[in-house]
Amino acid sequence: MSLIRLDKFLAEMQIGTRSEVKKLIRGGKVQIDGHVCKNADEKIDPEQAEVMVDHVLVGYAAYEYFMLNKPKGCVSATEDSRYPTVLDYITDHKRKDLFPVGRLDLDTEGLLLITNDGALAHELLSPAKHIPKTYEAKIDGIVTQEDVEIFAQGMDIGEKKPTKPAELLILKANVISHVQVTIYEGKFHQIKRMFESVGKPVLELKRISMGALSLDEKLAPGEYRALTDAEINYLRQRG
Ligand code: URA
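Now for a description of the structure that goes with this document.

The rules behind these values
Residues numbered from 1 in each chain as written. Predicted model: local features only at pLDDT ≥ 70, side-chain atom pairs only at ≥ 80, totals over all residues. Heavy atoms only, no water. Near = heavy atom within 4 Å. Polar contact = N/O pair within 3.5 Å; in protein donor to acceptor, adjacent residues only side chain to side chain. Areas by Shrake-Rupley, 256 points an atom, 1.4 Å probe, with all protein chains shown as cover. Helix = DSSP H or I, 4+ residues; strand = E, 2+ residues; numbered from the N terminus. Nonpolar A, V, L, I, M, F, W, Y, C, P; charged D, E, K, R; others polar. Patch = residues over 30% accessible without salt bridge, like charges linked within 9 Å, V, L, I, M, F, W, Y side chains within 5 Å. Salt bridge = Lys/Arg side-chain N within 4 Å of Asp/Glu carboxyl O. Buried < 20%, exposed > 50% of the residue type's maximum accessible area, 1.4 Å probe, protein only. Pairing = 2+ DSSP bridges. Contact = heavy atoms within 4.5 Å. Phe/Tyr/Trp six-rings, centres within 6.5 Å; stacked < 30°, edge-to-face > 60°.

Digging into the site of the ligand
Close to the ligand lie L104, D105, T108, Y135, H189, Q190, I191, K192 and L205, which account for all nearby residues. The contact in question runs from an oxygen atom of the ligand to an N or O atom on the side chain of T108, over 2.9 Å. Contact distances for the ligand include 3.1 Å between an oxygen atom and a backbone N or O atom of K192. In isolation the ligand offers 240 Å² of accessible surface; the protein chains occlude 95% of this area. In terms of residues, the shell around the ligand owes the most to one element, helix α5 (residues 190-197), which gives three residues. In terms of residue class, the shell around the ligand is made up of four nonpolar, three polar and two charged.

Below is the structure:
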């Protein structure tokens, strides 16, 4: 059982800033287990205590997990001076300590996990785990079977080591080709650099899965939803 101060609990659950919630507490607006509590230092067990503000129950979440279909034009960061961040799209949340798990480029769309579960993020991003990430891309040029083989062998993209074997699936080979690519690492701009090295620039890029998690097709760019318990358990077990 871990105890937490009442004002900290209310601030973490987004009821207000620390000073706003202190005011509510002093004003007798906050009840713990049916009794008014005017002491901001009161220690509570957030898993057990029934905390109400103005007679409305404050739900508790130690961890939150969201799947965002990241739109183009926002950055995978918690703050930025020039662009909206991916967190700006998560409008209904309890925790203040959310962050994106890994990064997609400014102009990349698709699956991004947003959570405050640092241990899970560490597992998913650990290079040793080789968590697969699958992308769909539109490519400027005709993607060929030779490219498939180069991707499968591993290629020089200007890093110390060649890339790990990647799976390239040609969905449509034309002046503009459509492909699906799965990589098992996450170097900076990796997909774009892989296609650049075969002389075929990426025109559009969208991540459709990461480990056990697949993008919900019902989510339009900019939309998000909470992960289901099954998705969270699956991710914890399988990455
Ligand atoms: N590879 C890229 O080049 N960009 C991304 O956003 C993700 C993978």
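As for a nonpolar patch on the surface
A contiguous nonpolar surface patch, about 260 Å² in accessible area, is contributed by V175, I176 and L203. Relative to the assigned elements, L203 resides in strand β13 (residues 202-210). For L203, a relative accessible area of 43% corresponds to the partly exposed category.

Quick word on the pattern of salt bridges
Scanning the model with the defined rule gives 19 salt bridges in all. Two residues, R18 and D7, come together in a salt bridge whose shortest N-O distance is 3.3 Å. Of this pair, R18 sits in helix α2 (residues 18-26) while D7 sits in helix α1 (residues 6-12), placing them eleven residues apart in sequence. On the basis of relative accessibility, which here comes to 34%, the residue R18 falls in the partly exposed class. The partner of K8 in a salt bridge is E12, with the nearest N and O atoms 2.9 Å apart. Taken together, the positions of K8 and E12, both in helix α1 and four residues apart, correspond to about one turn of that helix. Overall, K8 belongs to the partly exposed group, its relative accessible area being 34%. Through salt bridges with shared partners, one network takes in R5, D7, R18, K22 and D41.

Thoughts on the sheet that holds strand β2 (residues 30-32)
Strand order in the open sheet formed by four strands is β3-β2-β5-β6, and the pairing between neighbours is antiparallel. The open sheet has two edge strands with one neighbour each: β3 (35-36) and β6 (56-57). As paired strands, strand β5 (residues 51-53) and β6 are joined by two bridges and run antiparallel to one another. Bridged to V53 within β6 is V56.

Comments concerning unusual backbone geometry
Backbone geometry at D33 places phi at a positive 45 degrees, although glycine is not the residue there. With respect to the element layout, D33 can be found in the loop between β2 and β3. Backbone geometry places D54, a non-glycine residue, at a positive phi of 50 degrees. Tracing the backbone through its elements, the reader meets D54 in the loop between β5 and β6. Accessibility expressed as a relative area gives 44% for D54, which makes it partly exposed.

Examining the environment of E64
Tracing the backbone through its elements, the reader meets E64 in the loop between β6 and β7 (65-70). Between the C-alpha atoms of E64 and K22, which are 42 residues apart in sequence, the distance is 25 Å. Not counting the four nearest positions on each side in its chain, E64 is found in contact with H93, K94, R95, L98, I114, T115 and N116. Side-chain polar atoms of E64 contact the backbone nitrogen of K94, separated by 2.9 Å.

Describing the pairing of strand β10 (residues 133-140)
Where β10 lies against strand β12 (residues 176-183), eight bridges are found, and the strand directions are antiparallel. Residue E136 lies in a different strand from β12, and its bridge partner there is Q180. Bridging between β10 and β13 involves seven bridges; their strand directions are antiparallel. Across the sheet, the residue bridging to A137 is L205, located in β13.

Description of the packing of aromatic side chains
Aromatic ring pairs are defined here through the distance separating the ring centres and the angle between the ring planes. Summed over all chains, the structure comprises four aromatic pairs. Judged by centre distance (5.6 Å) and plane angle (80 degrees), the rings of F66 and Y224 are edge-to-face. Placement of the pair is F66 in strand β7 and Y224 in strand β15 (residues 224-226), with a sequence separation of 158 residues. Overall, the relative accessible area of 5% leaves F66 in the buried class. Ring centres of F151 and F195 lie 4.8 Å apart, and the angle between their planes is 50 degrees; on these two criteria the pair is classed as tilted. Placement of the pair is F151 in helix α4 (residues 145-153) and F195 in helix α5, with a sequence separation of 44 residues.

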